[in-house]
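Listed here are the chains, written in short residue letters.
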Amino acid sequence: MAAGIREKQTVALKRMLNFNVPPVKNSTGEPVWKVLIYDRFGQDIISPLLSVKELRDMGITLHLLLHSDRDAIPDVPAVYFVMPTEENIDRMCQDLRNQLYESYYLNFISAISRSKLEDIANAAIGANAVTQVAKVFDQYLNFITLEDDMFVLCNQNKELVSYRAINRPDITDTEMETIMDTIVDSLFCFFVTLGAIPIIRCSRGTAAEMVAVKLDKKLRENLRDARNSLFTGDTLGAGQFSFQRPLLVLVDRNIDLATPLHHTWTYQALVHDVLDFHLNRVNLEESAGTESTPAGARPKKKNKKSYDLTISDKFWQKHKGSPFPEVAESVQQELESYRAQEDEVKRLKSIMGIEGEDEGAISMLSDNTAKLTSAVSSLPELLEKKRLIDLHTNVATAVLEHIKSRKLDVYFEYEEKIMSKSTLDKSLLDMISDPDAGTPEDKMRLFLIYYISSAQAPSEIDLEQYKKALMDAGCNLAPLSYIKQWKAFTKMASAPTSYGNTTPKPLGLFSRVMNTGSQFVMEGVKNLVLKQQNLPVTRILDNLMEMKSNPETDDYRYFDPKMLRGSDSSVPRNKNPFQEAIVFVVGGGNYIEYQNLIDYIKGKQGKHVLYGCSELFNATQFIKQLSQLGQK
């Protein structure tokens, strides 16, 4: 994917904001001023990709939610970007009747049905506004891009397609159909935007298979409809795929329930695990110190701060996949280099203040003027650097507080040992009953990983003992009852997943690495170094992408929407390894798997992989879904 999905979706959005004509590169004229009206879905799609400043550069003076009270601005064109739902359509018809804007450019995030289109047409005729509805477009942008190589289906109403929704024991067939249709609609939009028809592989007998069958059908129907096909000519990414099509691997969350519960050690995944990190924005609560007031000390209100971790943040792009100790060290280095630059500017300033007529000073002055000029011109860059350093100092400190207070390094190391079946230096019972280590939830996560990863389940007597210890620690046991059912069910279906057999190597404690002037007091936190090991999802991708034969993936179904007749076979038609692949997890994904895939593909020359999931959850959200399933 020479151009990442982020770039393609951004280009599509910019074209839409420019009234669906590609923006002219070097036009000097002012952009046309216009209003952007979106619903919550539209907002979630745009916000990770375009900043308010970029919107303003495109001529968007106001951006408003469709269902807010909006005043009429009769001489301005309005661009709508909304889902084609009943209530949205009603509101748009109302806007037409009230003659709010000069002209209307209606863009639907996913395809609108004929009947709803007729509703709008009727309203336009009734309001005598037919001439004002300038364009109506289906944009096929119903997915959210978070990274160049990562996307998630939806954020609003995500509980409708969550792991819990798909795995509810009392789900009806029609409900399941609806969930699958929602997922398929988004995946279809994704491939329209990508401009490629994938070859689909999926595991049998899972929700992933249902998605594959429906997606294959939908792509096939669109290709057959020659007049309206979305995959013709110019949309097909200017032929960069002409030789090779991407592989779409659809996996089900149930093949690996341990990873989403795993404590992690890389920066981005940690931020997602312990902080409130959502659509590339992290929200921190800053506790201010107590103020000494005459009436006694009163704790200040907590400030909420939010930071955007974006593509333009060089530090984030470089370190989001690094182990946390490395990140802390890098923040420190950045800070030192910034201080050195700042001191240089200060030094030059003080020299500039030299008085007296001696020649030395004059010649020094002319030399320094040049230096100062260059120092001043690099000021905006310096300020930006300072902003990023402050941002990462705050975020990393917040993460560190969690690591230290919950002993996450100990958990991470212990879980890695469990997952790789190596010998444990401390009994699980001790870990659970240690009052200093972690929250009840951390203990539950640890125990669930142990339970999922063990080849044979612990005996009833042991299990009772564990349960008692968990109860004493204040854990809610509902997730365990669901995992027990799940394990009993999958035992019939397949062997437990293996997680490779490497463990992280501790490099001694942090304190040695850190110099004394560091902001991060890391004493007592282990400096663990990750060894690359492939998680189940990455292993499946590796087998299918490299065409390796492996019992784990040999019976995966094979779909090719371009073939005239669909065939139900596991035999791939082409035997060549793929260059590009998209891994999509039905039932939710996480940053641990994403990072694992990225690390895996780094070692493969010229290959690309994209990671997508129906929703992005951290362990806390996942445990919550498991306990809801366990309560039934």
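Here's what I pulled together on the structure shown here. (Residues numbered from 1 in each chain as written. Predicted model: local features only at pLDDT ≥ 70, side-chain atom pairs only at ≥ 80, totals over all residues. Heavy atoms only, no water.)

Helix and strand counts for the chain stand at 22 helices and 19 strands. Across the 632 residues of the chain, 51% fall into the buried class. Restricting the contact set of the chain to residue pairs at least 6 apart, pairs at least 24 apart contribute 79%. A total accessible area of about 29900 Å² is found for the chain, and carbon and sulfur atoms account for 53% of it. (Helix = DSSP H or I, 4+ residues; strand = E, 2+ residues; numbered from the N terminus. Buried < 20%, exposed > 50% of the residue type's maximum accessible area, 1.4 Å probe, protein only. Contact = heavy atoms within 4.5 Å. Areas by Shrake-Rupley, 256 points an atom, 1.4 Å probe, with all protein chains shown as cover.)

A surface patch of negative charge is lined by Glu86, Glu87, Asp90 and Asp119. Ranked by the residues each element gives to the negative patch, the list is headed by helix α4 (residues 86–97), at three residues. (Patch = residues over 30% accessible without salt bridge, like charges linked within 9 Å, V, L, I, M, F, W, Y side chains within 5 Å. Salt bridge = Lys/Arg side-chain N within 4 Å of Asp/Glu carboxyl O. Lys, Arg positive; Asp, Glu negative; His and termini not counted. Charge placed at Lys NZ, Arg CZ, Asp CG, Glu CD.)

Approximately 1000 Å³ is the volume attributed to the second largest pocket. Considering the residues around the second largest pocket, the lining is formed by 43 residues, among which Phe41, Gln156, Asn157, Lys158 and Leu160 are closest to the centre. Elements with a minimum of two residues in the lining of the second largest pocket: α2 (40–46), α4, α6 (163–167), α7 (173–194) and α22 (619–631). Broken down by element, the residue count for the lining of the second largest pocket peaks at six residues, all from α7. Class assignment of the residues belonging to the lining of the second largest pocket gives a composition of 15 nonpolar, 16 polar and twelve charged. (1 Å grid on protein atoms, 1.4 Å probe; cavity = no way out; pocket = protein on both sides within 12 Å on 5 of 7 lines; lining within 4 Å. Points joined across faces, edges and corners; volume = space filled by probe spheres on them. Nonpolar A, V, L, I, M, F, W, Y, C, P; charged D, E, K, R; others polar.)

Our focus in this paragraph is the side chain of serine 420. Within the fold, serine 420 resides in the loop between α14 (408–419) and α15 (428–433). With a relative accessible area of 6%, serine 420 lands in the buried category.

A word on the packing of aromatic side chains. One pass over the structure, following the stated rule, counts 23 aromatic pairs. On the basis of an interplanar angle of 35 degrees and a centroid distance of 6.2 Å, the ring pair of tyrosine 80 and tyrosine 104 is categorised as tilted. Remark: tyrosine 104 occurs in strand β4 (residues 101–108) and tyrosine 80 occurs in strand β3 (residues 73–82); sequence separation between them is 24 residues. When its relative accessible area of 1% is taken as the criterion, tyrosine 104 is described as buried. With a centroid separation of 5.9 Å and 45 degrees between ring planes, the pair formed by phenylalanine 447 and tyrosine 450 is classed as tilted. Linking phenylalanine 447 with tyrosine 450, this pair stays in helix α16 (residues 440–453), spanning three residues, or about one helical turn. Taking the ring centre of phenylalanine 19 as reference, the NZ or CZ of lysine 34 above it sits at 5.0 Å. Lysine 487 extends its terminal NZ or CZ atom over the ring of tyrosine 451, reaching a point 5.7 Å from the ring centre. (Phe/Tyr/Trp six-rings, centres within 6.5 Å; stacked < 30°, edge-to-face > 60°. Lys NZ or Arg CZ within 6 Å of the ring centre and 35° of its normal.)

What follows covers the pattern of salt bridges. Pairing between side chains of opposite charge can happen when the charged atoms of each approach one another. The final tally for this structure, using the stated rule, is 28 salt bridges. Note that aspartate 308 is salt-bridged to arginine 281, the shortest N-O span being 2.8 Å. Separated by 27 residues along the polypeptide, aspartate 308 in strand β14 (residues 303–308) and arginine 281 in strand β11 (residues 281–286) bring together distant segments of the chain. Residue classification places aspartate 308 among the partly exposed positions, given a relative accessible area of 37%. When salt bridges that share partners are traced, they join Asp273, Arg406, Asp442 and Arg445 into one network.

Strand order in the open sheet formed by seven strands is β6-β7-β19-β18-β9-β8-β17, and the pairing between neighbours is mixed. In the strand order of this sheet, the two ends are held by β6 (144–147) and β17 (557–559), each with one partner. With strand direction ignored, the average angle separating the axes of adjacent strands in the sheet is 20 degrees. Pairing between strand β7 (residues 150–152) and strand β19 (residues 608–613): three bridges, direction parallel. Within β19, the position partnered with phenylalanine 151 by the bridge is glycine 612. Against the sheet, helix α21 (residues 591–602) touches β6, β7, β18 (580–586) and β19, its axis set at about 170 degrees to β19. (Pairing = 2+ DSSP bridges. Axes fitted to C-alpha atoms, helices over the stretch in contact; angles between N-to-C directions.)

Under the criterion given, the structure shown has two cavities of 30 Å³ or more. A volume near 80 Å³ is recorded for the largest cavity. Elements supplying a minimum of two residues to the lining of the largest cavity: α9 (267–274) and α21. Among the elements that line the lining of the largest cavity, the one with the most residues is α9, at three residues. Looking at side-chain class alone, the lining of the largest cavity contains six nonpolar, five polar and two charged residues. Estimated volume of the second largest cavity: approximately 50 Å³. Lining the second largest cavity, in full, are Phe41, Asp44, Ile45, Asn142, Phe143, Ile144, Leu153, Cys154, Asn155 and Gln156. In terms of residue count, the dominant contributor to the lining of the second largest cavity is α2 (three residues). Per-class residue counts for the lining of the second largest cavity are six nonpolar, three polar and one charged.

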